[in-house]
Amino acid sequence: MKNNSREILIYVFIITFVFLSCQRDEIIEIKPMVSLQLEIKSSQYKIEFPDTFVAKIEILQISQTDYNKPVKTDSITFVRQDLGNHRSQGSIEVPLETYFIIAIYANIDEIELHGKTDTIFISTDTDQALVSKVYLTTGHIIIDECVVAGVSLNSALVSSKIIDNGGKDIVEYGFAWTTDNNAAIDNNIGSLSENSDIMGSFQRLIEGLNPNTTYYIAAFASNGSEVVYSERVSFSTAANTTPVVLTTNPIVGVTSSSATASATFNDNGGRIISEKGFVWATYSNPEIGNNEGVSFEGVGSNDFSSTLESLAEVTTYYVRSYVETIEGEIYYGNEVSFITLASTSAVILSTDPILGITSNSATASATFTDDGGQAIAEKGFVWATYTNPEVANNEGVSFEGGGVSDFSSSLSGLLDGTVYYVRSYAETAEGEVFYGNEVSFTTVLLTPPQTINFFINEVLLHSAKIIVNIGSDGGSNIVSKGVIFSQTPNPDIDNNEGMTDEGGGVAQIESLVSGLNAGVVYYAKCYAANDVGVAYSEEFNFTTLTIGDIGPGGGIIFYDDGVIGGMEVGDVPAEIVIQWGCSSLLANTPSSIVGSGLSNTQTIIEFHNGLTDYVGNPVQCDAANDGTIAAFYCDSYSQNSYDDWFLPSLDELFLIYTNLHAFGIGDFNEDFYWSSTETDAINAKAIDFWKGTELDMSKTSSFWVRPVRKL
């Protein structure tokens, strides 16, 4: 041992509160010993300490000219000694007759923790134990949610907990509240605060509140560097002050040594409940000050239950629920009685066949055959891909509470196409575990969608309608389906000229493939995709229509707008010789442009319908009128289930001449054909298909007519 140092033993007692991955440690005790070792008391840790971990230790010297100068830095390995203790291996020297601080740094569960002791001074002539506090902290204040434990007419009991002080002493903490949930909590209507250091839980009674009012409250804390508020919660003050009324329910779960009592609040009387529970005895009317057993179930006016333990077998017990208000008043529920059972036997339960099997989940259920007269503290299921899983050896476990009622559970997080083995279990209040029979099942195997069929419903100039039918989703929800297409063979999801997406599901759909070129051969496949992969139908092809082709209505295509559609004209059977219509009156259809034929036709029909029985009395217009109307004929024409035909406008009729008749297509007569374009009250526009010239002809003339329709 060196002359200028003394080896000492430092015990680090760490009390840990775990919330939001933060811890708090306190108290370093220093005593002169033979060698310096660090011992960490971890029995109260909420996190899982490894058997071995490393912490960094710095000895920081303090002098008038040099502050926090590291005089010793080391990494100390800690090894588990028993359930609640870790001890460092090796030793470290500290300076004597010098003021210094010990800084500790650790990383537990990927959380960086750090802290410093108070200033330490060790004399060469004293063996006095030195005690200093240190906090391991994340560096920021963390405060727990505000809990409202009880509410009365004008007051509420609230509590919270400071989990981490951010490495600095708390200088102020408390609660703030408001009646406006949209207002900032620091713009409050009331607050309670304390100006002192604290770590851990704190509570306050808020008084002076208005009855039957909803309040929003948050806890807060400040360390001088930051102010942190918890998430706000709400509560409502009571509206009346009637006495507390509660019901002691019938006792259940009776065994030879225990039973389960429960109670229901009928009315809390607008009081704050500071304590509640049960009293019991082998005589009637037990009380808080006169009983053979009592349980304490916390605060608040929510329903509650308790396990009555250490009972004598085959004995009659009397039980009453009770509550105590914050004012000290005690109210009792009704009295109930029960008789404990004789000594217990084995618990027998049956695991039922597994139901509701999917690719990643299933539903297990179990039935109690015999509870053995024992109190069941916990029950559930264990499962694994190997046989005989146990509570301590499994790949999955569910916890379904206590009691001897039949139970079920959803087994989740499973692998598809896998065999699982399941057993129900029940654990008694004494810690003994009983298992039901083992059952097995196989999860659904996920595959890409199956059996994709198609049907070409309609092909037009620039689009096609394809029926897509999916036989199976492969056990996984379909997220996308439709048609992919290209002018080259074998298109797929990643190599195509276009595709449609009709969403998820397996329902049959009609998909519109658009944006196509006229008169082109396209190769296509239907597809469906789920989380496993993509499946395709067999490849098929279709050829888009072009001018001169037969359209869906059985006519001949004479016009292509180059974008989405065009027009077709009825073939020879649709041709008829007929008058234009009423002469001497103006129908008002002067438009001749492409696209106006349909509106012209509808106007001509409305005009003639406005006359008094023109068909039966055509001479009301002109003695030469015979009652026939070219627009009426086209509007009533139907072929291939299409009834949307009309009399073409002048420009539409010219397109029929130039794109079809001029090339010898359509078997048109070299004669006059009516358009729906009107010249004046006497005449309408016609085209001479012998010369291709426009003429103004009397509406009483009988000329050829062919209906047209839009694609």
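Everything that follows concerns the structure shown earlier in this document.
Residues numbered from 1 in each chain as written. Predicted model: local features only at pLDDT ≥ 70, side-chain atom pairs only at ≥ 80, totals over all residues. Heavy atoms only, no water.

### Considering the overall build of the chain
- Broken down by element type, the chain carries three helices and 49 strands.
- With 711 residues in all, the chain has 46% of them scored as buried.
- The long-range share in the chain, meaning contacts at least 24 apart out of those at least 6 apart in sequence, stands at 65%.
- Summing over all exposed atoms, the chain offers an accessible surface of approximately 32500 Å²; the carbon and sulfur share of this is 47%. (Helix = DSSP H or I, 4+ residues; strand = E, 2+ residues; numbered from the N terminus. Buried < 20%, exposed > 50% of the residue type's maximum accessible area, 1.4 Å probe, protein only. Contact = heavy atoms within 4.5 Å. Areas by Shrake-Rupley, 256 points an atom, 1.4 Å probe, with all protein chains shown as cover.)

### Quick look at the packing of aromatic side chains
- Considering all chains together, one arrives at 22 aromatic pairs under this definition.
- Consider the rings of F220 and Y229, whose centres lie 5.7 Å apart with planes at 45°: the pair is tilted.
- The buried category is assigned to F220, whose relative accessible area is 9%.
- Here Y229 falls in the partly exposed class, since its relative accessible area comes to 32%.
- Through pairs of rings, three or more aromatic residues link up here, namely Y657, F668, Y673, F689 and W704.
- One residue, R706, lies across the ring of F668, its end atom 3.8 Å from the ring centre.
- The ring of Y642 is capped by R709, whose NZ or CZ atom sits 4.1 Å from the centre of that ring. (Phe/Tyr/Trp six-rings, centres within 6.5 Å; stacked < 30°, edge-to-face > 60°. Lys NZ or Arg CZ within 6 Å of the ring centre and 35° of its normal.)

### Brief notes about the state of the cysteines
- Tallied over the full model, the rule gives one disulfide.
- For C582, the disulfide goes to C621, at an S-S distance of 1.8 Å. Handedness of the C582-C621 disulfide follows from its S-S torsion of about -105°: it is left-handed. Here C582 is found in the loop between β44 (576-579) and α1 (597-609), whereas its partner C621 is found in the loop between α1 and α2 (630-636), with 39 residues between them in sequence. Here C582 and C621 have matching classes, each one buried. (Disulfide = S-S within 2.5 Å.)

### What about the environment of K161?
- Within the secondary structure, K161 sits in strand β13 (residues 156-165).
- By relative accessible area, which is 22% here, K161 ends up partly exposed.
- Taking the C-alpha atoms as reference, K161 lies 9.9 Å from S230; in sequence the two are 69 residues apart.

### Overview of the sheet that holds strand β27 (residues 348-351)
- Sheet architecture is open: three strands sit in the order β27-β28-β31, paired in antiparallel fashion. The sheet is open, and its two edges are formed by β27 and β31 (407-411), each paired on a single side. In this sheet, neighbouring strand axes are inclined to one another by 25° on average, regardless of whether the strands run parallel or antiparallel.
- Two strands pair when backbone bridges link them, and β27 and strand β28 (residues 362-370) are joined in this way by four bridges, in the antiparallel orientation. Bridged to S350 within β28 is T367. (Pairing = 2+ DSSP bridges. Axes fitted to C-alpha atoms, helices over the stretch in contact; angles between N-to-C directions.)

### Looking at the pairing of strand β8 (residues 111-116)
- Of the two faces of β8, only the one carrying I111, L113 and G115 is buried; E112, H114 and K116 on the other face are not.
- Two elements, strand β7 (residues 99-108) and β8, share six bridges in a ladder whose sense is antiparallel. The partner of I108 across the bridge, within β8, is I111.
- The turn linking β7 back onto β8 is made up of two residues, and D109 within it adopts a positive phi angle of 55°.

### Focus on the sheet that holds strand β30 (residues 396-399)
- Read across the sheet, four strands follow the order β30-β29-β32-β33 without closing on themselves; strand pairing throughout is antiparallel. Edge positions in the sheet fall to β30 and β33 (433-442), since each of these pairs with one other strand and no more. On average, adjacent strands in this sheet sit at an angle of 20° to one another, irrespective of strand direction.
- As judged from the four bridges shared by strand β29 (residues 376-384) and β30, these two strands associate in the antiparallel manner. Bridge pairing in β30 places G380 opposite F399.

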